[in-house]
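# Observations on the model geometry
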Amino acid sequence: MGQAGETEGHVLEALRLSPRDIGAYWWIYSVGRAKVQLGADAEAAAWLRRSIETNRNFPLAHFVLAAALALSGALDEARTAAKAGLALNPGFTIRRLRAGTSSDNPAYLAGLERLYEGLRMADVPEW
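So, here is what we can say about the structure in this document. (Residues numbered from 1 in each chain as written. Predicted model: local features only at pLDDT ≥ 70, side-chain atom pairs only at ≥ 80, totals over all residues. Heavy atoms only, no water.)

## Digging into the environment of Phe58
Mapped onto the fold, Phe58 is located in the loop between helix H3 (41-54) and helix H4 (59-71). A residue is classified by how much of its surface remains accessible, and Phe58, at 9% relative accessible area, is buried. Taking the C-alpha atoms as reference points, Phe58 and Gly85, 27 residues apart in sequence, are found 8.0 Å from one another. If near-sequence neighbours (up to four positions away) are discounted, Phe58 is found in contact with Tyr25, Trp26, Tyr29, Ser51 and Leu88. (Helix = DSSP H or I, 4+ residues; strand = E, 2+ residues; numbered from the N terminus. Buried < 20%, exposed > 50% of the residue type's maximum accessible area, 1.4 Å probe, protein only. Contact = heavy atoms within 4.5 Å.)

## Some words on the nonpolar core
Soluble globular proteins: nonpolar side chains tend toward being buried together. Residues Val36, Leu48, Leu65, Leu115, Leu119 and Val124 are the most contacted members of the largest nonpolar core, which totals 29 residues. At the level of elements, helix H2 (24-38), H3, H4, helix H5 (75-88), helix H6 (94-99) and helix H7 (106-121) are the ones that each hand at least two residues to this core. A per-element tally of this core places H4 first, with 9 residues. Sequence-distant contacts of Leu65, defined by excluding residues within four places in its chain, comprise Ala45, Leu48, Arg49, Ile52 and Ala81. (Core = buried A, V, L, I, M, F, W, Y, C linked by side-chain atoms within 4.5 Å.)

## Structural notes on the pattern of salt bridges
Within the structure shown, the criterion is met by 8 salt bridges. Ionic pairing is found between Glu77 and Arg49, a salt bridge with its closest N-O pair at 2.4 Å. Taken as a pair, Glu77 in helix H5 and Arg49 in helix H3 lie far apart in primary sequence, 28 residues in all. Classification of Glu77 as partly exposed rests on a relative accessible area of 40%. Its salt-bridge partner being Glu117, residue Arg120 comes within 3.5 Å of it at the nearest N-O pair. (Salt bridge = Lys/Arg side-chain N within 4 Å of Asp/Glu carboxyl O.)

## Brief notes about helix H1 (residues 7-17)
Listed as buried for H1 are Thr7, Val11 and Leu15. For H1, the angular spread of buried residues about the axis comes to 60 degrees, placing them on one side. Away from its buried face by more than 90 degrees, H1 exposes His10, Arg16 and Leu17. Where H1 is buried, its residues contact H2 and H3. (Arc of directions from axis to C-beta.)

## Some details on the packing of H3 against H4
Taken N-terminus to C-terminus, the directions of H3 and H4 make an angle of 155 degrees; their axes are 9 Å apart at the nearest point. The orientation of H3 relative to H4 falls into the category roughly antiparallel. Seen from above, H3 lies across H4 with left-handed handedness. Listed contacts from H4 to Asp41, Ala44, Ala45, Leu48, Arg49, Ser51 and Ile52 of H3 are Ala61, His62, Val64, Leu65, Ala68, Leu69 and Leu71. Here the contact of H3 with H4 is built from residues that sort into 10 nonpolar, 2 polar and 2 charged. (Axes fitted to C-alpha atoms, helices over the stretch in contact; angles between N-to-C directions. Parallel < 35°, antiparallel > 145°, perpendicular 65-115°, else oblique. Left-handed = near helix turned anticlockwise from the far one by under 90°. Nonpolar A, V, L, I, M, F, W, Y, C, P; charged D, E, K, R; others polar.)

## Points about the side chain of Ser103
Tracing the chain through its elements places Ser103 in the loop between H6 and H7. Looking at Ser103, the relative accessible area reads 17%, which means it is buried. At a separation of 3.0 Å, a polar atom in the side chain of Ser103 contacts the main-chain amide nitrogen of Asn105. (Polar contact = N/O pair within 3.5 Å; in protein donor to acceptor, adjacent residues only side chain to side chain.)

Purely geometric stuff here, so don't read any function into it on its own.
As structure tokens, then:
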């Protein structure tokens, strides 16, 4: 929500306190998404791959990985990740993701625009 730079520290502490948390994939994904918003695409991809390893059936991790890869120039790999996400959630669109925006913080919104651009580059449907 505009404080993406703080995400990793909080998640690392949460994982330290609860290393076998069944929802760890969500927290790991959160760091990856924050890294995309910060422009740290290689770090984002590493976190998102870790999230997918923890739960391969979590489509958001595949989509955000696709964006991170596309933004870093790995378009073929990005499109493969997008296809994996669409196989899990065929109705996913950038428009639906945009509709779920939960903050009006300018830094957060700017990061989301970056994410949407990566998704477009990875051929995720707009509508």
